[in-house]
Amino acid sequence: MDDFGDNFVQPEVDPAAEFLAREQNQLAGLEDDLETSAPPPVATSLASNGLDDFVEVPSAAAFDANGLMDDEPTVAPAATPVVSVFKQEREEPEKIKLWREEQKKRLEEKDAEEEMKKQEMLKVAKKELEDWYKTHEEQISKTKAANR
């Protein structure tokens, strides 16, 4: 069949790989802006043995023993082992700190402006309501006079 040039087989394209390549190209510049290095280690006192930096996370056996797993219940062991995970505090990059401060200022300004507009609208609404009551009373008095 190749004699007629009818080669309908197209090379396979992995859409996931194509998507990932596109995303990496778009996000390539962001890595330079953000601090990707690990944060400095947390200073501990000399009396500390370093165990304060760890968080205790119960193991699967503890969940299983308490009936929190979907599997069939089992007998709890006498001592449940605890897995330790290192707790790491990340410091925010300077650009994000500046953005948060600017955002906070903008929101405060918008809140103040909104409160001023709200007070102004309340004054206008109160005046319109008083005017409506006044015209309503006049209309009722004219109707009463006409009916007599």
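Preceding block: the structure.
As the structure is a prediction and not an experimental result, all values here were calculated from the model.

Asker: Hey, could you go over a negative patch on the surface for me, with residue numbers and the actual values?
Answerer: A cluster of like negative charges, contributed by Glu-108, Glu-109, Asp-111, Glu-114 and Glu-115, occupies part of the molecular surface. With respect to the helices, strands and loops of the structure, Glu-109 is situated in helix 4 (residues 94-147). Overall, Glu-109 belongs to the exposed group, its relative accessible area being 55%.

Asker: Outline the pattern of salt bridges, supporting the account with residue identities and numerical values.
Answerer: Within the structure shown, the criterion is met by five salt bridges. A salt bridge links Lys-117 to Glu-113; its shortest N-O distance comes to 3.3 Å. Linking Lys-117 with Glu-113, this pair stays in helix 4, spanning four residues, or about one helical turn. The exposure class assigned to Lys-117 is partly exposed, which follows from its relative accessible area of 48%. Exposure remark for Glu-113: the relative accessible area of 41% places this residue in the partly exposed category. The residue Lys-127 makes a salt bridge to Asp-131 at a minimum N-O spacing of 3.3 Å. Highlighted residues: Lys-127 and Asp-131, both in helix 4, separated by four residues, approximately one helical turn. For Lys-127, a relative accessible area of 52% puts it in the exposed group.

Procedures and definitions
- Residues numbered from 1 in each chain as written.
- Predicted model: local features only at pLDDT ≥ 70, side-chain atom pairs only at ≥ 80, totals over all residues.
- Heavy atoms only, no water.
- Patch = residues over 30% accessible without salt bridge, like charges linked within 9 Å, V, L, I, M, F, W, Y side chains within 5 Å.
- Areas by Shrake-Rupley, 256 points an atom, 1.4 Å probe, with all protein chains shown as cover.
- Salt bridge = Lys/Arg side-chain N within 4 Å of Asp/Glu carboxyl O.
- Lys, Arg positive; Asp, Glu negative; His and termini not counted.
- Charge placed at Lys NZ, Arg CZ, Asp CG, Glu CD.
- Helix = DSSP H or I, 4+ residues; strand = E, 2+ residues; numbered from the N terminus.
- Buried < 20%, exposed > 50% of the residue type's maximum accessible area, 1.4 Å probe, protein only.

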